[in-house]
Amino acid sequence: KKVVSILVVVLAFTFNTQAQDAMAKNVKTISLEQTKGEFVQKALTVSEGTYVFEVANNHAAEAVGLVLVKKGADVSKAENHIKTAYVTEVVKDGETQKTKATTLAKGEYVYFCPLNPTPQYTLTVE
């Protein structure tokens, strides 16, 4: 009975690890670069899926970040922000940081930086 329990745990762990590996392979990266007062990428169009945003601070400000909101939602309200699209820590000058994996459904979103105030740019998911 003890051997069966150990085998079940090992198999469950193996399947879970394989599922996580498969998910990680399906995550794509969207690279964004900030300069003073703007993102270099003014508009993006991507397919539905899961993405990690990689944000580079190219002498934009001491620290920059990223906010992603479904288009039409009030961007000033934090509850409308897609929290997984926040960088894991502020991006210091000359550095790059990533967000957590963020699943994007079809539709339009806006992205901007509140720390290095930028305009709102459109991200279209097809």
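Since the model is a prediction, treat every value here as computed from it, not as a measurement.

Caption draft 1: Highlighting a negative patch on the surface. Taken together, Glu62, Glu89, Asp93 and Glu95 make up a surface patch of like negative charges. Here Glu95 lies in the loop between strand 7 (91-92) and strand 8 (96-98). Classification of Glu95 as partly exposed rests on a relative accessible area of 35%.

Caption draft 2: Quick peek at unusual backbone geometry. One non-glycine residue, His59, adopts positive backbone phi at about 55°. Residue placement: His59 occurs in the loop between strand 4 (49-57) and strand 5 (63-64).

Caption draft 3: Seen up close, the sheet that holds strand 3 (residues 43-46). An order of 3-11-10-6 is seen for the four strands of this open sheet, with the pairing classed as mixed. The open sheet has two edge strands, strand 3 and strand 6 (67-70), and neither has a second partner. The mean angle between the axes of side-by-side strands here comes to 25°, regardless of whether they run parallel or antiparallel. Pairing between strand 6 and strand 10 (residues 107-112): four bridges, direction antiparallel. Directly across from Val67, in strand 10, lies its bridge partner Phe112.

Thresholds, definitions, all that
- Residues numbered from 1 in each chain as written.
- Predicted model: local features only at pLDDT ≥ 70, side-chain atom pairs only at ≥ 80, totals over all residues.
- Heavy atoms only, no water.
- Patch = residues over 30% accessible without salt bridge, like charges linked within 9 Å, V, L, I, M, F, W, Y side chains within 5 Å.
- Areas by Shrake-Rupley, 256 points an atom, 1.4 Å probe, with all protein chains shown as cover.
- Salt bridge = Lys/Arg side-chain N within 4 Å of Asp/Glu carboxyl O.
- Lys, Arg positive; Asp, Glu negative; His and termini not counted.
- Charge placed at Lys NZ, Arg CZ, Asp CG, Glu CD.
- Helix = DSSP H or I, 4+ residues; strand = E, 2+ residues; numbered from the N terminus.
- Buried < 20%, exposed > 50% of the residue type's maximum accessible area, 1.4 Å probe, protein only.
- Pairing = 2+ DSSP bridges.
- Axes fitted to C-alpha atoms, helices over the stretch in contact; angles between N-to-C directions.

So yeah, pure geometry; function would need other evidence.
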